[in-house]
Structure formats: structure tokens, C-alpha cells
Amino acid sequence: MQHFPDARSVVRALAPDEPIILNRPHAAARAARFFVEKFPGKSLYAVKANPSPDLVQILWDNGVTHYDVASIAEVRMVRSVLPEATLCFMHPVKSPGAIREAYFKHGVKTFSLDSSEELAKIVDATRADDGSEATDLRLCVRLRVSSEHAALSLASKFGCDLTEGPALLQESRQYADWLGVCFHVGSQAMSPFAYVQALDRTRAAIAEASVVIDMIDVGGGFPSVYPGMEPPPLEDYFKIIHQHFYALPIAYNAELWCEPGRALCAEYSSLVVKVEKRRGEELYINDGAYGALFDAAHVDWKFPVRALEDDLIKPAMDFAFYGPTCDDADYMPGPFALPEDIQAGDYVEIGMLGAYGAAMKTDFNGFGAAERIIVTDEPMASLYDGSRARPAADNVVSLR
Ligand SMILES: *Cc1c(COP(=O)(O)O)cnc(C)c1O
């Protein structure tokens, strides 16, 4: 991969006709070290947020030893890059073939589930040739919890309710060498209180099941910083999770895990796009809803932007973007504030696309290409560069 200091120097040197993904290994390394040093337990990287082999290697080099994988393709990719990593298959609905390959070929022992059917599937798919059951399964029962504090809900698809959870914990305990409870509070959880509510639910399920619990996995949902979304410090999340974890009725040596995706990789990538046409307050750019800007189009996510020309002198005004495909839905409402005199041929950098951005690119309509280049400047926003003052006391959640 080529190296440049920043987006401007890339544009000056290459005048690229196609979008370019700029990667910042130092930003991902810093995020990894932050979680490894400050989260009071083990931090798994949720690979789906950005399944780049380069990124996975950077996280490993900076202390992330466990990986949350959700498909057999993710299992194979991480295993090929990191032969010694611990892989945890945390998708609650898996195919028997995927479970079998993960367990027998890639050494995966940890599986999540949210139903008796999935438990039976896991037990069956991991049987030895002589029909005997696996004795080293590490099972995590996924509870459904509220997504009310998160920008993106993950509450309706997976997880069992409090009416089913205790029985499933008891049933799973019979097959598990090691039993955990996991949940996901939704992505970009803007308040640490999301985890308090989820841990309260966890407590109720464990108390009713009265089985030994070896691990609590508080999932992902840790926020990054975007325009209009300035979360409280991650330390506040870690502190409150730790306190509520300690109050649970679990084994004295029980482990605490988390599975950040977004928070580990949002700062890793930005995108350089070219303006192909201007129509009033709309800019037609060469990446969009079927590219790295999926969330900007489909869930109205706001990303920071900056113009990369030196000769734009007018103050900023609000623009919307059209992507390159022929689909009307390839539209990002923004608003994106850029200089009033921006025009066709100019370049724009769109920041904070390392999570669920670079990973979302498709080849639809022939617009999938994007070179990847390493840059060394700072991401357009960061939770980890020491620049953020502690927010006001109204962001601090009170403890019971
Ligand atoms: C998507 C996902 C994550 C990561 O979520 P973020 O909001 O990106 O932190 C973690 N765990 C599971 C099970 C997931 O599906």
C-alpha cells in the first residue's frame, strides 16, 4: 500500500478518478490499546464492522487476542491472518456446516445461541465420529435487551426474552463446559445507562435460572464520534459496566467480555471522492449508497466532510450528495457543509468511515473500485487523541 501524509497530498499526487479509501493504522492501533488497557475485562473485535485483514493484524499487534466472528467466511479470514487468535462464533443462527468447520477445522469453541433449536444444532454439529458429544463447548446465551439508547437498533432480530432465557440457560448448562450470557444494546449507544439496563435483565435471568455463569459479554454498541453525536467518555461506560458486573450472582472467577466493532475501527478509514457534477445544492460524487456511504443514505448517518482544494475561499453552505449509480435511492441527504464555490472536478474527504463504511462497498452498477492508501494524519474526529474535554456532569450517569 502507498503511504501519504494526508488526503490533500493524495489528491495532488494522483488526481484520482475513482474513490480512494484512506487507512490510518495508527488510529486503529490507538483504539485497540485503549480497550486493551482500560476495559476491565477482555475486548473482542467484532469483525463485521470492518473485515479487513490489514486491520485485524493491526488490532492483534496491539493486544486484541479474541475475535467475534459471525460467518464462516469471517472465521476463515481471521484464522488465515491470525493462526493463534481465539475466535468466537457469536451469530445466534448458524448453519450446521459452518459450526462443524469452525469447530473441527479452525478450533472455535465459543458459540452463541438464542434458542433450543440452535443449542441442539451446535451439540449435533460438534459430535465426534463415534457420536460422542463435545466436552469443551463454551456457550453464550444471547438475551434480548432494549436498544432505546442506541442510534441503530439490534433489539428485534436476535436474543431470547426473560420468559425463555432462564430455561435456555439451564438447558445450555448441561452441554457447556463454560457458560456465558451475552447481549447487544444496539450500535452507537449514546449513554452508558444502556448497559445498566441490560445488566439488570441479565441479573434477572441468572437469578431465575440459578445456574453457574462463567462469563458476561456486554457486546458492542460502544460509540464513536460523529457530527451531532458526541458521546460521554468511554471510561464512563467501562466504569459503570464494571460496577454492575461485580454485583451479579455469578462465579467468583467469572470473566467480563465486550465486543466493540465501531469503537475500534471508525477512526481507521476516511474516503476521498470526486465531485462529478454540481446541481445547485446537490453534488454528484463518485461513491454513495452502494459504496462506503450506505449508512449516510439508508439510516441518515452524519459524517464529517472537508474540501481538499486550496483555492476554495467562500464560506461553507449545506449540500446533499448523489452517488454514482443510476438509482434515485443513491442519495445522501447530509447536510454536508462545504465551501459555496465547490464545483465539478473538486475533491472531498469524508471522515469516520472505518466502521460499516469501507466494509459496505458493493460492485453495483460497476462502481465498486477503490484503491486503499495509508495516511499518517489524524482522523477527522477521535475519542482517543486526548483532545476531548470531559463533558458536563449531565452526561454522567448516577449509580444506584
Ligand atoms: C455488530 C455486532 C457487534 C459490534 O457492534 P458495534 O455496535 O459495532 O460495537 C458486536 N457483537 C455482535 C454480536 C454484533 O452483531
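Keep in mind it's a predicted model, so treat the numbers as computed, not measured.

Moving on, we come to the overall build of the protein. Broken down by element type, the protein carries eleven helices and 19 strands. In terms of overall dimensions, the protein is globule-like: its C-alpha atoms have a radius of gyration of 22 Å, near the 21 Å expected for 400 residues. For the protein, the C-alpha atoms occupy an extent of roughly 70 × 50 × 40 Å along the three principal directions. Nonlocal contacts in the protein, meaning residues at least 24 apart in sequence, comprise 75% of its contacts between residues at least 6 apart. Surface accessibility of the protein: about 16,400 Å² in total, with carbon and sulfur atoms responsible for 50%. For the protein, the separation between the mean place of its 37 positive charges and that of its 56 negative charges on side chains is 2 Å.

Here the focus is the site of the ligand. As a matter of local geometry, the ligand sits amid 14 residues, with Lys48, Ser187, Glu259, Arg262 and Tyr356 nearest to it. For the ligand, an oxygen atom lies 2.5 Å from a polar atom in the side chain of Ser187. Taken by itself the ligand offers 390 Å² of open surface, and the protein chains cover 91% of this. Of all the cavities here, the one that holds the ligand is the largest pocket. Taken together, the residues that form the shell around the ligand break down as four nonpolar, five polar and five charged.

For the rest of this paragraph, the subject is the domain arrangement of the protein. What the domain assignment reports for the protein is domain 1 (3-22 + 269-375) and domain 2 (26-265). Spacing between the C-alpha centres of domain 1 and domain 2 amounts to 33 Å. Roughly 1,200 Å² is buried in total at the junction of domain 1 and domain 2, and carbon and sulfur atoms are behind 64% of that figure. If you sort the residues of domain 1 by the area they bury against domain 2, Trp301, Met352 and Tyr356 come out on top, with a joint share of 51%. Where domain 1 packs against domain 2, one counts zero salt bridges. When grouped by side-chain class, the residues that make up the side of domain 1 that touches domain 2 number ten nonpolar, two polar and one charged.

This part takes up the layout of surface pockets. Taken as a whole, the largest pocket holds about 760 Å³ of empty space. What lines the largest pocket is a set of 36 residues, among which Lys48, Leu154, Phe158, His184 and Tyr356 lie closest to the centre. Breaking the lining of the largest pocket down by element, the ones donating at least two residues are strand 10 (187-189), helix 10 (262-265) and helix 11 (294-298). Residues lining the lining of the largest pocket come from more than one domain, with at least three contributed by each of domain 1 (3-22 + 269-375) and domain 2 (26-265).

A separate point is helix 8 (residues 193-209). An α-helix turns once per 3.6 residues; consequently, residues spaced three or four apart project the same way. Between its terminal C-alpha atoms helix 8 stretches 25 Å, which fits the 24 Å expected from 17 residues at 1.5 Å a residue. Among the residues making up helix 8, those that are buried are Ala194, Tyr195, Val196, Ala198, Leu199, Thr202, Ala205, Ile206 and Ala209. Of the surrounding secondary structure, the elements contacted by the buried residues of helix 8 are helix 7 (165-173), strand 9 (178-182), strand 10, strand 11 (215-217) and helix 9 (234-246). Ser210 occupies a position one or two residues after helix 8 and carries a positive phi of about 35°.

On inspection of all chains with the given rule, the structure shows 21 salt bridges. Between Arg30 and Glu378 there is a salt bridge; the shortest N-O distance is 2.9 Å. Note that Arg30 is positioned in helix 2 (residues 25-38) and Glu378 in the segment after strand 19 (371-375), a separation of 348 residues in sequence. Among the residues examined, Glu378 registers a relative accessible area of 34% and is labelled partly exposed. Measuring nitrogen to oxygen at the nearest pair gives 3.4 Å for the salt bridge that ties Glu235 to Lys38. Of this pair, Glu235 sits in helix 9 while Lys38 sits in helix 2, and the two are 197 residues apart along the sequence. Within the structure, one salt-bridge network assembled from shared partners comprises Arg24, Arg306, Glu349 and Asp377.

What follows is about the sheet that holds strand 11. The parallel closed barrel is built from eight strands, whose spatial order is 3-4-5-6-7-9-11-12. Neighbour to neighbour, the strand axes of the sheet diverge by 25° on average, direction disregarded. Relative to strand 11, strand 9 is paired through three bridges, and the arrangement is parallel. Paired with Cys182 across the strands is Asp217, a residue of strand 11. Contacts from helix 7 reach strand 6 (110-113), strand 7 (138-142) and strand 9, with the element oriented near 155° to strand 9.

Core analysis: the biggest nonpolar cluster contains 118 residues, and Phe35, Tyr45, Tyr67, Val218, Phe222 and Ile350 have the highest contact counts within it. When residues are assigned to domains, this core turns out to be shared by domain 1 (3-22 + 269-375) and domain 2 (26-265), each giving three or more. Residues within four places of Ile350 in sequence aside, it is in contact with Ser270, Leu271, Val273, Ile285, Leu293, Phe303, Pro304, Val305, Phe321 and Met380. With eleven residues, the next largest nonpolar core counts Val10, Leu22, Ile373 and Val375 among its residues.

Let's shift gears to empty space enclosed by the protein. Using a probe with the size of a water molecule, rolled over the atoms, empty space left in the structure can be pinpointed. Under the defined criterion, the tally for this structure stands at one cavity of 30 Å³ or more. Computed from the structure, the largest cavity encloses a volume of approximately 60 Å³. In terms of lining residues, the largest cavity is bounded by 14 residues, among which Tyr290, Gly291, Pro324, Thr325 and Phe367 are the most central. A breakdown of the residues in the lining of the largest cavity according to their chemical character gives five nonpolar, five polar and four charged.

About the thresholds
- Residue positions are given per chain, counted from 1 along the sequence in the order it is written.
- The predicted origin of the model limits local features to residues at a pLDDT of at least 70 and limits the giving and counting of side-chain atom pairs to 80 or more, whereas totals for whole chains, interfaces and linings rest on all residues.
- Excluded from the side-chain calculation are hydrogens and water; included are all heavy atoms of the structure.
- For the purposes of this entry, the term helix denotes a DSSP run of H or I that reaches at least four residues, the term strand denotes a run of E that reaches at least two, and both are numbered from the N terminus.
- To get the radius of gyration, use the C-alpha atoms; to get the globule rule, take the number of residues to the power 0.38 and multiply by 2.2 Å.
- Contact definition: two residues touch when any of their heavy atoms are within 4.5 Å.
- A 1.4 Å probe and the Shrake-Rupley method give the accessible areas. Residues count as covered only by the protein chains that appear here.
- Lys and Arg are tallied as positive, Asp and Glu as negative. Neither His nor the chain termini are counted.
- In this description, the location of a charge corresponds to atom NZ of lysine, CZ of arginine, CG of aspartate or CD of glutamate.
- Nearness is defined per residue: one heavy atom within 4 Å of the molecule or strand is enough.
- What qualifies as a polar contact is a pair of N or O atoms within 3.5 Å, subject to a donor-acceptor requirement within protein and to the restriction that residues adjacent in sequence count only when both atoms come from side chains.
- Only protein atoms enter the calculation, which uses a 1 Å grid: trapped sets of points that fit a 1.4 Å probe without letting it out are cavities, open sets showing protein on both sides within 12 Å along at least five of seven lines are pockets, and any residue with an atom within 4 Å of a point is a lining residue.
- Cavity and pocket membership follows a simple rule, namely that a molecule belongs there if more than half of its atoms are within 2 Å of the grid points.
- We call Asp, Glu, Lys and Arg charged. Ala, Val, Leu, Ile, Met, Phe, Trp, Tyr, Cys and Pro are nonpolar, and the rest, Gly among them, are polar.
- Each domain's extent was defined by an automatic or database domain assignment.
- Here's the idea: put two parts together, see how much 1.4 Å probe accessible area each one loses, and the total over both is what we call buried area.
- Salt bridge, as used here: a side-chain nitrogen of Lys or Arg that lies within 4 Å of a carboxyl oxygen of Asp or Glu.
- Grid points are joined across faces, edges and corners, and a volume is the space filled by probe spheres set on the points.
- Here the expected span of a helix is defined as 1.5 Å times the quantity of residues minus one.
- Each residue is placed in one exposure class: buried if its accessible area under a 1.4 Å probe, protein chains only, is under 20% of its type's maximum, exposed if it is over 50%, and partly exposed if it falls in between.
- The rule for pairing is simple: two strands pair if DSSP sees at least two bridges between them.
- Simply put, an axis is a line fit to the C-alpha atoms, just over the touching stretch for a helix, and the angle between two N-to-C directions goes from 0 to 180 degrees.
- For our purposes a nonpolar core is just a set of buried Ala, Val, Leu, Ile, Met, Phe, Trp, Tyr and Cys residues, chained together by side-chain atoms within 4.5 Å.

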